[in-house]
Amino acid sequence: MATVNGMRGVSRVPAYVVMQPTTLCNLDCVYCYLPLRAQDRRMTVEVARAVAADANAWAALDRFSVVWHGGEPLAAGREHLGALMAPFGPAVEQHVQTNATLLDDAWCEFFAARGVRVSVSVDGPEELNTSRVSRAGRPAYDRIAQGIAALRRHGRSFAALCVVGDPRPGVAARLYEYFLELGCDTLGINIEEREGVNERPNSHDPESVRAFWAELVVAWRADPRIHVRELEWSLRYLGAVLDGTSGDLLPGELDPIPTVGHDGAVVLLSPELAGFHDPVHGDFSSGNVLDTPLSSVLAEPRRTSWVPEFLTGVEACRDTCAYFGFCGGGHAANRYFEHGRFDGTQTEHCRNSKINLLEGVLDHVRRP
Amino acid sequence: MSDALDDRIRDARGELAPLLEEARLARLARSEAPGADSVCAWNHFENIW
């Protein structure tokens, strides 16, 4: 059996930092995990400057990204988001994840001027996009489509993120056809997760989930223009097993994935934990960039009360799960919100998005 | 413990080969597209190494 060498401990240097320019979102999607999305708590430029001091240094050494995430980053407005982006030097790659409803010509020009890479959240065609709604509960699809049309009008390449609430045969082919027409160059597919304030159950019939992923492979093979994250990594893993290199597919250490909240608080490893409170672990934060440099916060991840418990969980996955070399261990937020603790192992998210993904791809190739 | 899974994957080598070759060619085609950055993060924050 291949010994999985990676995912031992937490790296002191991240590949990217997630920034929350505002907690506000102008949508109220049914499955959203964010607790403060109805409030407009904005990041100050002082917080951005503090993060940029380390980010600029990291970018001088290796590829480094800043991801403006939510809330809805565009809800901060161009003037404020521009002021937050300004301290980051040209070597830092900038990304934004947006619900697309506020995208217009002015935003496209704003992103073009700064080289910002855009990813839009859309769950497929209108009939599959019903969970994405306004604060008044009205479907957001038309506004999303208008925003994406602006990106295309400006010739901007973009990625897409799709949440699937009911993975079953018939859905994947329709989704892939839609995203081909949409024109995204990259696609990530998330099976809806039970986390944060979203407590909807996420247990699905495994046969249906496997059939969903198998059908996606069929659709992708017919026209593989889109870089589909889930298929890319499934095929990389399967190829690595055949080559005898699967033990080295994952990075040596976990990326700390620091999320810097609107107030400068830093949450490691799972951005979905930001904004929540636990009787034992408090607000899950590891420090605040307003009083401690981000690089110093990242220097001792085990000082954060829940991180050692999480790393115990990663080792439990390594010891007990056949899929560890593919997955690298369940995410901290999925463990916490599904099990109530960080050292549990297999989650519904593991089953939906890792185990049955790989099995679905195998089902596809073994089909007579 | 992953022996059984690895064995099943190896048993499917013949069926996997054309799919893996298609993936390689698709990767190559994407890398040669205008403006392409010649990979998605995995086991990371999934809402966006």
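Because the structure is predicted, anything quoted here is derived from the model rather than measured.

**Q** Help me understand the interface of chain A and chain B in this model?
**A** Put simply, an interface is often sized by how much accessible area is lost when its parts join up. Every contact between the two is made by 60 residues of chain A and, on the other side, 32 residues of chain B. Here chain A meets chain B over a buried area of about 4300 Å², counting both sides, of which 62% is carbon and sulfur. Between the two partners, chain A and chain B, sit three salt bridges. With a shortest N-O distance of 2.7 Å, Arg27(B) and Glu232(A) are connected by a salt bridge. Counting every contact that joins chain A to chain B gives four residue pairs in polar contact (both at pLDDT 80 or more). Only β1 (16-19), β6 (186-191), α6 (206-222), α7 (229-243), α9 (306-320), α10 (324-327) and α12 (348-366) of chain A provide two or more residues apiece to the side of chain A that touches chain B. Tallied by class, the residues present in the side of chain A that touches chain B amount to 32 nonpolar, 13 polar and 15 charged.

**Q** Mind showing me how you'd approach the pattern of salt bridges here?
**A** Oppositely charged side chains are able to pair whenever their charged atoms sit close together. Inspection of every chain in the model, using the stated rule, returns 20 salt bridges over all chains. With a shortest N-O distance of 2.7 Å, Arg221(A) and Glu22(B) are connected by a salt bridge. One end of the pair, Arg221(A), is in helix α6; the other, Glu22(B), is in helix α2 (residues 13-31), on a second chain. For Arg221(A), a relative accessible area of 26% translates into the label partly exposed. Glu232(A) is the partner of Arg236(A) in a salt bridge, and the nearest nitrogen-oxygen pair spans 2.7 Å. Taken together, the residues Arg236(A) and Glu232(A), both in helix α7 and four residues apart, mark about one turn of the helix. Classification of Arg236(A) as partly exposed rests on a relative accessible area of 29%.

**Q** Before we go on, may I ask you to explain the nonpolar core in this structure?
**A** With 124 residues, the main nonpolar core has Met19(A), Trp68(A), Phe88(A), Val120(A) and Phe179(A) as its most contacted residues. Residues contacting Phe88(A), with those up to four places away along its chain left out, are Met19(A), Ala48(A), Val51(A), Ala52(A), Ala55(A), Asn56(A), Val66(A), Trp68(A) and Gln94(A). Ala15(A), Val18(A), Ile257(A) and Phe45(B) belong to the second-largest nonpolar core, a separate cluster that totals six residues.

**Q** How should I be thinking about the confidence of the model for chain A in this particular structure?
**A** Regions with low pLDDT carry predicted coordinates that are not meant to be interpreted in detail. When pLDDT is averaged along chain A, the result is 90, and 96% of the positions lie at 70 or above. Confidence, expressed as mean pLDDT per element, reaches its minimum in chain A at helix α11 (residues 332-339) of chain A with 88 and its maximum at helix α8 (residues 294-297) of chain A with 97.

**Q** Whenever I open this one, the sheet that holds strand β3 (residues 92-98) of chain A confuses me. Can you help?
**A** Backbone-to-backbone hydrogen bonds join strands into a sheet, with any given pair of strands oriented parallel or antiparallel. Residues and elements named next belong to chain A. Read from one edge of the open sheet, 10 strands run β7-β6-β5-β4-β3-β2-β1-β8-β9-β10, paired in mixed fashion. Looking at the sheet topology across the chains shown, the edges are occupied by β7 (227-228) and β10 (287-288). By the bridge criterion, two bridges tie strand β9 (residues 265-267) to β10 in an arrangement that is antiparallel. Looking at β10, one finds that Val 266 is bridged to Gly 287.

**Q** Sorry if this is basic, but what is going on with the packing of α7(A) against α2(B) here?
**A** Helix packing geometry: the angle between the two helix axes and the distance between the axes. Orientation of α7(A) relative to α2(B), taken along the N-to-C sense of each, is 125°, at an axis distance of 10 Å. With respect to α2(B), the axis of α7(A) lies oblique. Where α7(A) crosses over α2(B), the two elements pack in a sense that is left-handed. Counting all contacts with α7(A), which are made through Glu232(A), Leu235(A), Arg236(A), Leu238(A), Gly239(A) and Leu242(A), the residues of α2(B) involved are Arg13(B), Leu16(B), Leu19(B), Leu20(B), Ala23(B), Arg27(B) and Arg30(B).

Reading the values: the criteria
Residues numbered from 1 in each chain as written. Chains lettered and ligands numbered in written order. Predicted model: local features only at pLDDT ≥ 70, side-chain atom pairs only at ≥ 80, totals over all residues. Heavy atoms only, no water. Contact = heavy atoms within 4.5 Å. Buried area = accessible area lost by both parts, 1.4 Å probe. Salt bridge = Lys/Arg side-chain N within 4 Å of Asp/Glu carboxyl O. Polar contact = N/O pair within 3.5 Å; in protein donor to acceptor, adjacent residues only side chain to side chain. Helix = DSSP H or I, 4+ residues; strand = E, 2+ residues; numbered from the N terminus. Nonpolar A, V, L, I, M, F, W, Y, C, P; charged D, E, K, R; others polar. Buried < 20%, exposed > 50% of the residue type's maximum accessible area, 1.4 Å probe, protein only. Core = buried A, V, L, I, M, F, W, Y, C linked by side-chain atoms within 4.5 Å. pLDDT = per-residue confidence, 0-100. Pairing = 2+ DSSP bridges. Axes fitted to C-alpha atoms, helices over the stretch in contact; angles between N-to-C directions. Parallel < 35°, antiparallel > 145°, perpendicular 65-115°, else oblique. Left-handed = near helix turned anticlockwise from the far one by under 90°.

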